[in-house]
Amino acid sequence: MKKLLCLILSILLLAGLCGCKDGSTFEVRNLFFNTPARKKFLKKPSGEATEITNLVQRLILANPNVAIKYTSNNNLIFNSQGFGLESAIFAVYDKNTLANCKKINWFYRDIEVEGYVGNKNFTKPNRTYQTSIVNGRYVSNTTISMAVQRAFEKYLTTRAYPFFVLNVKVPFDKIDVN
């Protein structure tokens, strides 16, 4: 299901890059009309909504210059304005998040790391508040997560994880996207 959602949302993002008018609306309905066998593998509606919300959250953070408004069951979940990473973090989290973070801007040869890392007292109970973006794509990367965790090691208590949103830019010929 996650692969299908990623495919759909990738298509939606590409559609924005291919000349859709500003303010385009995309609705997904009857997703399984021609493959009903896949429908039986779905989680409960609330579980699927959580997965989609997490995916949209990552898309907002990975594409901070794109305005994204996400509603579910007529409830506004996210409304990012597309004004940069600070605006995206504000849209996804709350207003106090940026006040508890330090801006990171680091260069080494042809690698650039920018984003925000929570201060030593701004920890979360799990790693879902850790966002790694490589060349504009959200990635689940334990190396980045563990590097940040080691940097905060002496400040962390048991089951406390540092908050971060990091955008890593690496030359495309130096990385395998798979």
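Residues numbered from 1 in each chain as written. Predicted model: local features only at pLDDT ≥ 70, side-chain atom pairs only at ≥ 80, totals over all residues. Heavy atoms only, no water.

(A) Quick peek at the side chain of Glu112. Mapped onto the elements, Glu112 comes out in strand β4 (residues 111–118). The buried charged residue Glu112 lacks any salt bridge, with Lys169 as its nearest oppositely charged partner at 4.3 Å. When neighbours within four sequence positions are excluded, Glu112 is seen to be in contact with Asn105, Trp106, Phe107, Asn167, Val168 and Lys169. (Helix = DSSP H or I, 4+ residues; strand = E, 2+ residues; numbered from the N terminus. Buried < 20%, exposed > 50% of the residue type's maximum accessible area, 1.4 Å probe, protein only. Lys, Arg positive; Asp, Glu negative; His and termini not counted. Salt bridge = Lys/Arg side-chain N within 4 Å of Asp/Glu carboxyl O. Contact = heavy atoms within 4.5 Å.)

(B) Quick look at the confidence of the model for the protein chain. Confidence in the prediction for the protein chain averages 82 pLDDT; 86% of positions are at 70 or higher. For the protein chain, per-element mean pLDDT is lowest for helix α1 (residues 2–17), which scores 50, and highest for helix α4 (residues 85–92), which scores 94. In this model residues 14–18 is a low-confidence stretch, pLDDT under 50, and it forms 2 contacts with partners more than four residues away in sequence or in other chains. (pLDDT = per-residue confidence, 0-100.)

(C) Expanded view of unusual backbone geometry. A positive phi angle, close to 55°, is found at Asn73, a residue other than glycine. In this structure, Asn73 sits in the loop between β1 (68–72) and β2 (75–80). Positive phi is not limited to glycine here, since Asn135 has a value of about 50°. Structurally, the position occupied by Asn135 is in the loop between β6 (130–134) and β7 (137–139). Taking relative accessible area as the criterion, Asn135 reaches 21% and is therefore assigned partly exposed.

(D) Layout of the sheet that holds β7. Pairing is mixed in the open sheet, where 5 strands are placed in the order β3-β4-β9-β6-β7. On the outer flanks of this sheet lie β3 (101–108) and β7, each paired with one strand and no other. With strand direction ignored, the average angle separating the axes of adjacent strands in the sheet is 20°. Pairing analysis gives 5 bridges linking β6 to strand β9 (residues 164–169), with the strands arranged parallel. Residue pairing across strands places Val134 opposite Val168, the latter belonging to β9. Sitting on the sheet, helix α3 (residues 45–62) is in contact with β6, β7 and β9, with an inclination near 55° to β6. (Pairing = 2+ DSSP bridges. Axes fitted to C-alpha atoms, helices over the stretch in contact; angles between N-to-C directions.)

(E) Main features of the pairing of β6. Counted residue by residue, β6 has 5 buried out of 5 residues, so it is predominantly covered. By the alternation rule, side chains of β6 split into Gln130, Ser132 and Val134 and Thr131 and Ile133, which are all buried. By the bridge criterion, 3 bridges tie β6 to β7 in an arrangement that is antiparallel. For Val134, the partnering residue across the bridge sits in β7 and is Arg137. Between β6 and β7, which pair antiparallel one after the other, the connecting turn spans 2 residues, and Asn135 there sits at a positive phi close to 50°.

(F) Quick peek at the packing of aromatic side chains. Taken as a whole and judged by the stated rule, the model has 5 aromatic pairs. Ring plane angle 80° and centroid distance 5.1 Å describe the contact between Tyr93 and Phe163, whose orientation is recorded as edge-to-face. Pair noted here: Tyr93 is in the loop between α4 and α5 (95–99) and Phe163 is in the loop between β8 (161–162) and β9, with a separation of 70 residues, a long-range link. Each residue in the set Tyr93, Phe122, Tyr129 and Phe163 is aromatic and connected to the rest through ring pairs, giving one cluster. Above the ring of Tyr129, the side-chain terminus of Lys124 is found at 4.8 Å from the ring centroid. (Phe/Tyr/Trp six-rings, centres within 6.5 Å; stacked < 30°, edge-to-face > 60°. Lys NZ or Arg CZ within 6 Å of the ring centre and 35° of its normal.)

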